[in-house]
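# Overview (structure and organization)
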Amino acid sequence: MTTHPIIQTVLNQQTYFNSLATRSYDFRIRQLQTLKQGIIKFEAEFTRALKQDLGKPEFESYASEIGFSLHEIGFVIKHLKKWMRPRRVKTPLLCQPASSRIHYTPLGVNLIIAPFNYPVGLTLGPLTAAIAAGNTAVLKTSELTPHCSAVIQKMIEDGFDPAYIAYIPGEIPETTLLLEQKFDHIFFTGSPRVGAIVMQAAAKTLTPVTLELGGKSPCIVHADARLNIAANRIVYGKFFNTGQTCIAPDYVLVHETVARAFLDALIQRITRLYGKAPLSCPDYGRIVSPGHFKRIMALIDPDKIVAGGQHDEKERFIAPTVMANVTLEDKVMTEEIFGPVLPVLTYTRFDDICDIIGKLPGHPLACYLFSESKTVQEEVMSRIPFGGGSINHCLQHFINPHLPFGGIGESGMGSYHGFDGFERFSHKKSILKAGSKIDLPLGYPPYKKKLGLLKRFMR
């Protein structure tokens with residue numbers, strides 16, 4: 001009886017990992033360099049594929065996918081030797097004589113499932129971390145971005161032994177079969193709905209998971225914000241990649257005293273960047289699929305549009321759209337938008353912010369605040385639960401490789417990027433090495449007259 005290719009791939013990777021071939025520093029560096037050279041080799045094909053699948057302009061493709069991946073690999077190569085060293089930690093008096101260290105060991109065979117919105121960057125980012133930590137990996141990309149998937153498959157098969165790094169083509173049936181296999185770790189980026197399916201499947205084999213999901217990420221514009229700066233950066237954060245960014249501002253909460261001026265600045269900025277006919281703007285992308293186009297259009301209330309609203313179903317085009325006078329009862333506030341529609345709500349008191357965010361389902365993946373007040377900044381950071389965020393900018397925390405990226409609650413579990421990515425794909429093995437020249441009798445019976453000494457050691 002012939003073994004299914006997906007099952008055989010996982011078995012081959014288990015054998016390869018158990019051979020210890022992936023463990024050395026030199027091996028990991030060579031593979032990272034192979035990945036880097038592969039991205040460079042296929043850069044033009046990636047650019048074309050991103051244009052075909054998502055309408056991405058070349059600048060956005062390089063900034064958020066190709067160049068971002070190269071930058072991450074370079075950062076990891078620079079720091080990997082230091083990260084791999086065992087980390088010495090203190091040893092309490094009760095354990096002496098001894099020394100203690102943490103060893104970072106690879107998890108094993110990993111399944112990486114990537115989303116459609118950043119099909120290159122969000123495939124190669126986790127892969128970089130998996131390689132750095134000494135693992136093998138099986139990759140599955142989204143069926144919604146077939147051109148990008150084809151180039152990724154071509155690059156992986158060109159540069160790597162499938163027993164080490166394998167690409168699995170296909171759609172939902174292939175993903176379902178993959179989830180039935182026993183992996184040592186599953187790394188999933190996508191929607192909370194599918195994340196729940198992944199977690200349920202992983203639970204059957206007690207497989208640890210990292211979930212990078214999403215949520216309704218708020219953007220708060222306080223009364224003291226520099227409105228032109230806020231408008232510039234919110235337009236950038238919201239409409240980059242046509243709003244198909246898991247950490248894009250999902251909605252704006254603006255203080256009622258500056259709401260009108262903010263909306264004016266926002267509309268002016270959109271017109272300046274994308275023109276009066278954004279359909280012909282070369283710097284603006286497209287919605288990934290007809291299904292997502294229809295879903296986003298269903299969230300728009302035409303009576304509340306103050307900018308944009310133009311659309312073309314055949315082109316999968318939706319103009320940068322702003323809705324004002326929005327309330328929590330509007331359909332646009334019932335789910336993550338994941339598209340170029342920006343609802344604007346107003347607030348009076350700081351408690352209103354917490355109340356509005358608290359009434360929406362789940363914890364936000366990101367939160368953005370525009371304010372010059374340190375008091376307001378500290379209040380937002382301490383009182384509102386969210387994965388990560390930026391003050392007086394949007395998206396920027398994702399770019400910094402020194403910051404862990406991940407969600408909280410329904411927006412995800414686990415974080416990665418830089419060292420945190422290396423750590424995410426590693427097991428922190430705790431080792432205490434005891435001295436053997438002397439053997440202190442405190443812990444051995446008989447215990448008579450030892451309790452008092454024990455209490456002194458353990459206080």
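Residues numbered from 1 in each chain as written. Predicted model: local features only at pLDDT ≥ 70, side-chain atom pairs only at ≥ 80, totals over all residues. Heavy atoms only, no water.

### Remarks on the environment of Val306
For Val306, the position within the fold is in strand E10 (residues 305-307). Judged by relative accessible area, Val306 falls into the partly exposed class, the value being 33%. Put simply, Val306 and Asn325 are 19 residues apart on the chain and 9.6 Å apart in space, counted from C-alpha to C-alpha. Those residues in contact with Val306 that lie beyond four places of it in its chain are Leu263, Ile267, Val322 and Ala324. (Helix = DSSP H or I, 4+ residues; strand = E, 2+ residues; numbered from the N terminus. Buried < 20%, exposed > 50% of the residue type's maximum accessible area, 1.4 Å probe, protein only. Contact = heavy atoms within 4.5 Å.)

### Some thoughts on the side chain of Thr105
Within the secondary structure, Thr105 sits in strand E2 (residues 98-106). Excluding residues within four positions of it along the chain, Thr105 makes contact with Ser426, His427 and Lys429.

### Some points on helix H9 (residues 227-239)
One turn of the α-helix equals 3.6 residues, which is why residues spaced by three or four share an orientation. Here H9 contains 13 residues, and its C-alpha end-to-end distance of 18 Å stays within 8% of the 18 Å for a straight helix at 1.5 Å per residue. Looking only at H9, the buried set comprises Leu227, Ala230, Ala231, Ile234, Val235, Gly237, Lys238 and Phe239. Looking at the buried residues of H9, the elements they touch are strand E8 (218-221), strand E9 (251-255), helix H10 (259-274), strand E13 (321-323), strand E14 (341-347) and strand E15 (366-370). (Expected span 1.5 Å × (residues − 1).)

### Structural notes on the pattern of salt bridges
Note on pairing: side chains with opposite charge can pair once their charged atoms come close. Counting across every chain of the model gives 16 salt bridges. Residues Asp158 and Lys41 are paired through a salt bridge, measuring 3.1 Å at the closest nitrogen-oxygen approach. Of this pair, Asp158 sits in helix H6 (residues 146-159) while Lys41 sits in helix H2 (residues 25-41), placing them 117 residues apart in sequence. With its nearest N and O atoms 3.0 Å apart, the salt bridge here joins Glu335 to Arg295. (Salt bridge = Lys/Arg side-chain N within 4 Å of Asp/Glu carboxyl O.)

### A short note on helix H13 (residues 374-383)
Val376, Gln377 and Val380 are the residues of H13 that are buried. The arc that holds the buried residues of H13, viewed along the axis, is 100°, so those residues lie on one side. Structural note: H13 exposes Lys374, Thr375, Glu378 and Ser382 on the side pointing more than 90 degrees away from its buried face. The elements touched by buried residues of H13 are E8, helix H12 (350-359), E15 and strand E16 (388-391). Between the side-chain oxygen at the start of H13 and the backbone nitrogen of Thr375 there is a gap of 3.3 Å, and the oxygen is on Ser373. (Arc of directions from axis to C-beta. Polar contact = N/O pair within 3.5 Å; in protein donor to acceptor, adjacent residues only side chain to side chain.)

### Some points on a nonpolar patch on the surface
A cluster of nonpolar side chains, contributed by Leu93, Leu94, Leu453, Phe457 and Met458, occupies part of the molecular surface with about 470 Å² of accessible area. Along the polypeptide, Met458 turns up in helix H16 (residues 451-458). The class for Met458 is exposed, based on a relative accessible area of 54%. (Patch = residues over 30% accessible without salt bridge, like charges linked within 9 Å, V, L, I, M, F, W, Y side chains within 5 Å. Areas by Shrake-Rupley, 256 points an atom, 1.4 Å probe, with all protein chains shown as cover.)

### Quick notes on the nonpolar core
A general tendency of soluble globular proteins is for nonpolar side chains to be buried together. Among the nonpolar cores identified, the biggest contains 89 residues, and Leu127 and Ile234 are the most heavily contacted of them. A total of nine residues in this core trace back to one element, the largest contributor, which is helix H4 (residues 58-84). Ignoring any residue separated from it by four or fewer positions in sequence, one finds Ile234 in contact with Cys219, Val221, Val252, Phe262, Leu266, Leu342, Phe370 and Cys394. In terms of nonpolar packing, the next biggest core, distinct from the first, is built from 28 residues, Phe293, Met333, Ile353 and Ile384 among them. (Core = buried A, V, L, I, M, F, W, Y, C linked by side-chain atoms within 4.5 Å.)

### Quick word on the state of the cysteines
For the coordinates displayed, the defined rule picks out zero disulfides. Summary of cysteine pairing: Cys367 is not part of a disulfide, and the nearest cysteine sulfur, belonging to Cys219, is at 8.0 Å. Judged by relative accessible area, Cys367 falls into the buried class, the value being 0%. (Disulfide = S-S within 2.5 Å.)

### Regarding unusual backbone geometry
Of note, the amide linkage connecting Gln96 to Pro97 takes the cis form, showing an omega dihedral of 0°. Inspection of the secondary structure assignment puts Pro97 in the loop between strand E1 (87-89) and E2. Of note, the amide linkage connecting Pro445 to Pro446 takes the cis form, showing an omega dihedral of 0°. By the element assignment, Pro446 lies in the loop between strand E20 (426-434) and H16. Located in the positive-phi region is Arg316, a residue other than glycine, with phi close to 55°. Positionally, Arg316 belongs in the loop between strand E11 (311-312) and strand E12 (317-318). Although it is not a glycine, Leu395 sits at a positive phi angle of roughly 75°. Mapped onto the elements of the fold, Leu395 is located in the loop between E16 and helix H14 (396-399). Of the residues examined, Leu395 reaches a relative accessible area of 7% and is grouped as buried.

### Notes on the sheet that holds E8
A sheet is described by the order of its strands in space; here seven strands give the open sequence E10-E13-E14-E9-E8-E15-E16, paired in mixed fashion. The strands lining the two open edges of the sheet, one partner per strand, are E10 and E16. With direction set aside, neighbouring strand axes in the sheet form an average angle of 25°. Alignment of E13 against E14, held across three bridges, turns out to be parallel. When the sheet's bridge partners are listed, Thr321 is paired in E14 with Val341. Seen against the sheet, H13 touches E8, E15 and E16 and runs at an angle of roughly 170° to E15. (Pairing = 2+ DSSP bridges. Axes fitted to C-alpha atoms, helices over the stretch in contact; angles between N-to-C directions.)

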